[in-house]
Amino acid sequence: MLHPGGPAAERIAELWWVMFGIAAVVCVLVIVLALYAVLHRRDDRTDASPHAERRRTRWIVVGGVVFPAVVLTGVFIYTLATLGWLARHGRDAEIVVEVTGWRWWWEVRYLGEPHEQFTTANEIHIPTGRPVRLRLASGDVIHSFWVPQLQGKTDLIPGQTNTLTIQADREGVYRGQCAEFCGLQHAHMAFVVVAQTPGEYAAWVESQRALAREPTEPLARAGHAAFLRNGCVLCHTIRGTTARGRVGPDLTHVGSRLTLAAGTLENTRGNLAGWISDPQAIKPGNLMPHVPLSPEELLGIVTYLESLR
Ligand code: CUA
């Protein structure tokens, strides 16, 4: 978060540095005064004169009440100003994405006209230099959306929609993480925000809106059939096929994603095969069951899913 990638994170980093500076100065001041008091001990505790009494009281009022009140009020006002700016920033953004937290993955839905909408998972693409409005919801328990390099944390609360604007001014892949303990695999509830040039972003949106490509290669065709006849379809959707499950992530373009299992694994052929063969070994407690598959079926399904780009 101290290496901000966009305007909101810059504000937050700036606030952090100012508060760090103030805290450092106060810390040094307290140490110096404490050392001074120890090294220049004047034993006037027994001095009961009104003058000595007043001096002691003055030190307590100025050092213990007025000084902290002034410093903390300043920091409080600055913090409110920053929060206000963050709340106003990008309110009227054109791109609106609905992010729903599930144990333990992120459903990502690009809103718009019905023909413009599409759903993906654990990966949010944004064009550089433009604010993107996020509508944050939860399907089960409280999660927290956090991309340290782009924005502060915001909770995803069941029965409520919170909003947040992210913007990245330079291209890159920004890692995000669930920041509210939500159960066994909370630590494996990650995602990425991919900031691309507006041209690349438009091409990505175009490819994601498309239906899944019909496989042509024999192995992928066999995998396609195996996917549809096994339990996979009960939980997953592949747009353009009869797979319409809504329990797990939409797999229409799963081959194009960077990670598997919400940032747990890199999306490689080997990891995909390992994940499908035994998801409970990799991410114990997640909702994906072990589906008994023959080696040929597994190979086919992996080939098919990889072809969904
Ligand atoms: Cu979701 Cu922690």
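Residues numbered from 1 in each chain as written. Predicted model: local features only at pLDDT ≥ 70, side-chain atom pairs only at ≥ 80, totals over all residues. Heavy atoms only, no water.

Caption draft 1: Broad picture of the side chain of His125. In this fold, His125 is placed in strand β4 (residues 123–127). Only 2.8 Å separates the side chain of His125 from the side chain of Glu123, close enough to count as a polar contact. Among the polar contacts listed, one links the side chain of His125 to the side chain of Gln196, at a separation of 3.0 Å. (Helix = DSSP H or I, 4+ residues; strand = E, 2+ residues; numbered from the N terminus. Polar contact = N/O pair within 3.5 Å; in protein donor to acceptor, adjacent residues only side chain to side chain.)

Caption draft 2: Representation of the nonpolar core. Residues Ile124, Ile126, Phe145 and Val193 are the most contacted members of the largest nonpolar core, which totals 30 residues. Secondary-structure elements contributing two or more residues to this core are β1 (95–102), β2 (105–110), β4, β5 (132–138), β8 (162–166), β9 (172–178), β10 (190–196) and α3 (198–209). Those residues within four positions of Phe145 in sequence are excluded, and the remaining contacts are Val99, Trp106, Ile124, Leu134, Leu136, Gly152, Lys153, Thr154, Leu156, Leu164, Gln177 and Phe191. Residues Ala226, Val254, Leu260 and Ile276 belong to the second largest nonpolar core, which totals 21 residues. (Core = buried A, V, L, I, M, F, W, Y, C linked by side-chain atoms within 4.5 Å. Buried < 20%, exposed > 50% of the residue type's maximum accessible area, 1.4 Å probe, protein only. Contact = heavy atoms within 4.5 Å.)

Caption draft 3: Looking closely at the packing of aromatic side chains. The full count for this structure, using the stated rule, is twelve aromatic pairs. Among the aromatic residues, those joined into a cluster by ring pairs are Tyr110, Phe118, Tyr201 and Trp204. Above the plane of the ring of Trp85 lies Arg11, whose end atom (NZ or CZ) is 4.3 Å from the centre. Positioned above the aromatic ring of Trp146, the side-chain terminus of Lys153 is 4.6 Å from the ring centre. (Phe/Tyr/Trp six-rings, centres within 6.5 Å; stacked < 30°, edge-to-face > 60°. Lys NZ or Arg CZ within 6 Å of the ring centre and 35° of its normal.)

Caption draft 4: Here's a closer look at unusual backbone geometry. With an omega dihedral of -5°, the bond running from Arg103 to Trp104 counts as a cis peptide bond. Positionally, Trp104 belongs in the loop between β1 and β2. Even without a glycine there, the phi angle at Ala261 is positive, about 55°. Position of Ala261 relative to the elements: it lies in the loop between β11 (259–260) and β12 (265–266). Residue Ala262 is not a glycine yet carries a positive backbone phi of 55°. Mapped onto the elements of the fold, Ala262 is located in the loop between β11 and β12. Using a relative accessible area of 0% as the deciding quantity, one classes Ala262 as buried.

Caption draft 5: Main features of the side chain of Arg133. Mapped onto the elements of the fold, Arg133 is located in strand β5. Look past the residues within four positions of Arg133 in its chain and what remains in contact with it is His89, Gly90, Arg91, Ala93, Ile95, Val96, Val97, Thr163, Leu164 and Thr165.

Caption draft 6: The sheet that holds strand β7 (residues 154–156), seen in detail. Ordered in space as β4-β10-β9-β6-β7, the five strands form an open sheet in which the pairing is mixed. Of all strands in the sheet, those bounded by a partner on one side alone are β4 and β7. Each strand of the sheet is rotated relative to its neighbour by a mean of 25°, with strand direction disregarded. Note: β9 against β10, six bridges, orientation antiparallel. Bridge assignment links Tyr174 to a residue of β10, and that residue is Val193. Along the sheet, α3 contacts β4 and β10; its crossing angle with β4, the most-contacted strand, is approximately 135°. (Pairing = 2+ DSSP bridges. Axes fitted to C-alpha atoms, helices over the stretch in contact; angles between N-to-C directions.)

Caption draft 7: Geometry of the sheet that holds β1. Within the open sheet, the five strands sit side by side as β3-β2-β1-β5-β8. Their pairing is mixed. Here the strands that pair on one side only, and so sit at the sheet edges, are β3 (118–121) and β8. Between one strand axis and the next, the sheet turns by 25° as a mean value, whatever way the strands run. Strand direction decides the pairing type here: β1 and β5, joined by seven bridges, are parallel. Bridge pairing in β5 links Val96 to Arg133.

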